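# A look at the structure
Chain by chain, the residues run as shown.
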Amino acid sequence: SQYSAVDTSPLSVYIMQPIWNKIIKIVPLWIAPNLLTFSGFVMILFNYFLISFYDWDYTASGTSPGLIPNWVWLFSAFTTFCAYALDSIDGKHARRTQSSTPLGELFDHGLDSWATSIFVLSFFSVCSRDNGKTGVSVYTMYIYLSIVLFNFMCSHWEKYNTGVLFLPWGYDISQVILIGGYLFTSAVGVEIWQKPLLLGYYITDILVILLIGFSLFLSFPQTLYNIHRAHLKKTLKNDSLYEGLLPLVSPLLLFVLLTVWVVLSPSNILAKQPRVFLWMVGVAFSNVTCKVIICQMSGTRPELLHWFLFPLALVVYAAISGLLGWMEEAVLAVFTALVTAAHVHYGVCVGRQLSEHLNIYIFSLKKRVQE
């Protein structure tokens, strides 16, 4: 199917697009668009592991003085900007080099679905976790991450039903807030996050309120409105309500299972291993979303239950029933490693199949020789 996306965000249209149009002119024509996409992803991944090294349990910023060197925040701002720029110009570059393909679209959105959680998990290190005085509780982090992932899922669910990807306004705003937040932190020090800013509210409180407000009153209603409009114009891809709602079943069940684990865990797993648990949440959502993106691109029906829900249900049951006992953390670690490996393997396989099917290379504009 022909790729179509609509971007109406004023920030994007009036400020960012003109900047991208300047940057794109520097990119040599022999560079493959997927290489741009992938480079941006690798940068934020590297940045995430760098921050994890200094702040494994999200407490570094809550101690005074903060334990994360100042240059790390500057580097975070730099990598976030680069990833944002590369993600914004890869499509333009593909059109410039006449190399737009379904593989590029899948590669871009598939990596975005994973990057979304990594952006959020890196930023949590700025505000630090709750230490009794300041900071954000790990439960707030989990809900925050879930809302962001739900928003991402919604825009692709909407495309599954309408055939058009309406780029959410929140995307550009969130990227600019992330970059600004890192620069601000490096300029005034991490202590600013530990002091009330307005009427006894902390910056983090304000950001959480903004995010929830954006999701509930802007993104989600916009999604429903776009689907309703397509329904009135008779341009919906799916006739029945069941077919239309099908892609939401697995992500919702995934969220339910994970939340049950968080709430009923005997060892309070989220508080013990927030970094591992939240990483696993991000990877799992990314995999479920990728399946929806592929179904939407290929015009196929998504399966009702994603395979991943079955092992997860087993692990959650074993954990909350007390079967795992003291091994809960170890099982989480092994499970997270397996899920991550399965997701990477899935990405590599789909990429290879598509590149063979379309007779192109993933990271090069050279044409493949026909066998």
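Residues numbered from 1 in each chain as written. Predicted model: local features only at pLDDT ≥ 70, side-chain atom pairs only at ≥ 80, totals over all residues. Heavy atoms only, no water.

This is how the line gets drawn: UniProt positions are given in the numbering used here, feature names are shortened, and annotations may be inferred rather than shown by experiment.
Within an unreviewed UniProt entry, the label attached to the protein reads Ethanolaminephosphotransferase 1, and the organism entered is Sakesphorus luctuosus. The UniProt entry for the protein carries this comment under Sequence similarities (unreviewed entry): "Belongs to the CDP-alcohol phosphatidyltransferase class-I family." Its UniProt record gives the protein the following Subcellular location (unreviewed entry) comment, quoted word for word: "Endoplasmic reticulum membrane".

## Digging into the overall build of the protein
For clarity, the threshold we go by: For the purposes of this entry, the term helix denotes a DSSP run of H or I that reaches at least four residues, the term strand denotes a run of E that reaches at least two, and both are numbered from the N terminus. Throughout this description, buried means an accessible area under 20% of the type-specific maximum (1.4 Å probe, protein chains only), exposed means over 50%, and partly exposed covers the range between. Throughout, a contact is declared for two residues whenever any of their heavy atoms are within 4.5 Å. Every accessible area reported is derived by Shrake-Rupley at a probe size of 1.4 Å, with residue values counting cover from the shown protein chains alone. Under the counting rule used here, the positive set is Lys and Arg, the negative set is Asp and Glu, and His together with the chain ends is not counted. Taken as the charge centre is NZ of Lys, CZ of Arg, CG of Asp or CD of Glu, depending on the residue.
Counting secondary structure elements, the protein contains twelve helices and two strands. Its helices and strands in sequence order give the protein the pattern β-α-α-α-α-α-β-α-α-α-α-α-α-α, from N to C terminus. Seen through its C-alpha atoms, the protein measures out along the principal axes to roughly 60 × 50 × 45 Å. For the protein, buried positions account for 51% of its 371 residues. The long-range share in the protein, meaning contacts at least 24 apart out of those at least 6 apart in sequence, stands at 80%. Accessible area for the protein stands at about 18200 Å²; split by element, carbon and sulfur atoms hold 70% of it. Taking the average location of the 21 positive side-chain charges in the protein and that of its 20 negative ones, the two points are 8 Å from each other.

## Some details on the packing of aromatic side chains
As a reminder of what qualifies: For this analysis, a ring pair means two rings from Phe, Tyr or Trp (six-membered ring only for Trp) whose centres lie within 6.5 Å, classed as stacked if their planes differ by under 30 degrees, edge-to-face if by over 60, and tilted for the remaining angles.
Inspection of the entire model under this criterion finds 26 aromatic pairs. Ring centres of Phe46 and Phe75 lie 5.9 Å apart, and the angle between their planes is 80 degrees; on these two criteria the pair is classed as edge-to-face. Here the residue Phe46 occupies a position in helix α2 (residues 33-54), and Phe75 occupies one in helix α3 (residues 70-96), the gap between them amounting to 29 residues. What makes Phe75 partly exposed here is its relative accessible area of 24%. For the pair Phe107 and Phe363, a centre-to-centre distance of 5.7 Å together with 80 degrees between the ring planes defines the contact as edge-to-face. Placement of the pair is Phe107 in helix α4 (residues 102-127) and Phe363 in the segment after α12 (328-357), with a sequence separation of 256 residues.

## Notes on the packing of helix α5 (residues 138-162) against helix α8 (residues 241-264)
Describing two packed helices takes the angle between their axes plus the distance from one axis to the other. Selection rule: Here an axis means a line fitted to C-alpha atoms, over the contact stretch when the element is a helix, while the angle between two N-to-C directions is reported on a 0 to 180 degree scale. Should an angle fall under 35 degrees it is taken as roughly parallel, and over 145 as roughly antiparallel, whereas 65 to 115 is taken as roughly perpendicular and any remaining angle as oblique. In this classification, the charged set is Asp, Glu, Lys and Arg, the nonpolar set is Ala, Val, Leu, Ile, Met, Phe, Trp, Tyr, Cys and Pro, and all remaining amino acids, among them Gly, are polar.
Running from N to C, α5 and α8 point in directions that differ by 170 degrees, and their axes come no closer than 10 Å. Classified by the angle between their axes, α5 and α8 sit roughly antiparallel to one another. Of α8, the residues touching α5 (which contributes Tyr139, Tyr142, Ser146, Met153, Trp157, Tyr160 and Asn161) are Glu243, Gly244, Leu245, Pro247, Leu248, Pro251, Phe255, Leu258, Thr259 and Val262. For the contact of α5 with α8, the per-class residue count stands at twelve nonpolar, four polar and one charged.

## As for unusual backbone geometry
What is expected of a backbone is that most residues other than glycine have negative phi and most peptide bonds are trans. Residues other than glycine seldom take positive phi values, yet Tyr58 does so here, at roughly 65 degrees. For Tyr58, the location among the structural elements is in the loop between α2 and α3. The class of Tyr58 is buried, set by a relative accessible area of 0%. The backbone of Ser128 shows a phi angle near 65 degrees, a positive value even though the residue is not glycine. One can find Ser128 in the loop between α4 and α5. Classification of Ser128 as buried rests on a relative accessible area of 0%.

## A few points about the environment of Val339
Here Val339 shows up in helix α12. With 28 residues separating them in the primary sequence, Val339 and Pro311 have C-alpha atoms 9.9 Å apart. Excluding anything up to four places from it in sequence, Val339 contacts Val283, Ala284 and Phe308.

## As for the pattern of salt bridges
Note on pairing: side chains with opposite charge can pair once their charged atoms come close. Note the cut-off: Here a salt bridge means any side-chain nitrogen of Lys or Arg lying within 4 Å of a carboxyl oxygen belonging to Asp or Glu.
Scanning the model with the defined rule gives four salt bridges in all. A salt bridge links Arg301 to Glu243, with the shortest nitrogen-to-oxygen separation between them at 3.2 Å. One end of the pair, Arg301, is in the loop between α10 (274-298) and α11 (309-320); the other, Glu243, is in helix α8, with 58 residues separating them in the sequence. Residue Glu303 pairs with Lys291 through a salt bridge whose shortest N-O separation is 4.0 Å. With Glu303 in the loop between α10 and α11 and Lys291 in helix α10, this residue pair connects regions lying twelve residues apart in the sequence.

## A few points about the side chain of Thr340
Put simply, the test is: Here a polar contact is taken to be a pair of N or O atoms separated by no more than 3.5 Å, where protein atoms must pair a possible hydrogen donor with a possible acceptor and residues adjacent in sequence count only if both atoms sit in side chains.
For Thr340, the location among the structural elements is in helix α12. You can call Thr340 buried: its relative accessible area is 15%. At a separation of 3.1 Å, a polar atom in the side chain of Thr340 contacts the side chain of Trp279. In this structure Thr340 touches Trp114, Trp279 and Val283, once residues within four positions along its chain are discounted.

## A closer look at the UniProt feature "transmembrane region" (unreviewed entry) in the protein
Sequence positions flagged by UniProt for "transmembrane region" (unreviewed entry) are, in local numbering, residues 26-50, 70-86, 138-157, 199-220, 241-264, 276-294, 306-324 and 330-348. The distance separating the terminal C-alpha atoms of residues 70-86 is 25 Å; by composition the span is 100% helix and 0% strand.

## Some words on α3
For an α-helix, 3.6 residues make a turn, and residues three or four places apart therefore share a direction. Rules: The span you would expect from a helix comes to 1.5 Å times its residue count less one.
An ideal rise of 1.5 Å per residue puts 39 Å on 27 residues; α3 measures up with 39 Å between its terminal C-alpha atoms. Looking one or two residues beyond α3, the residue adopting positive phi is Gln98, at roughly 50 degrees.

## Topic: the environment of His109
When you line up the elements, His109 lands in helix α4. Residues His109 and Ile294, 185 residues apart in the sequence, show an inter-C-alpha distance of 10.0 Å. Look past the residues within four positions of His109 in its chain and what remains in contact with it is Tyr3, Phe152, His156, Leu165 and Ile293.

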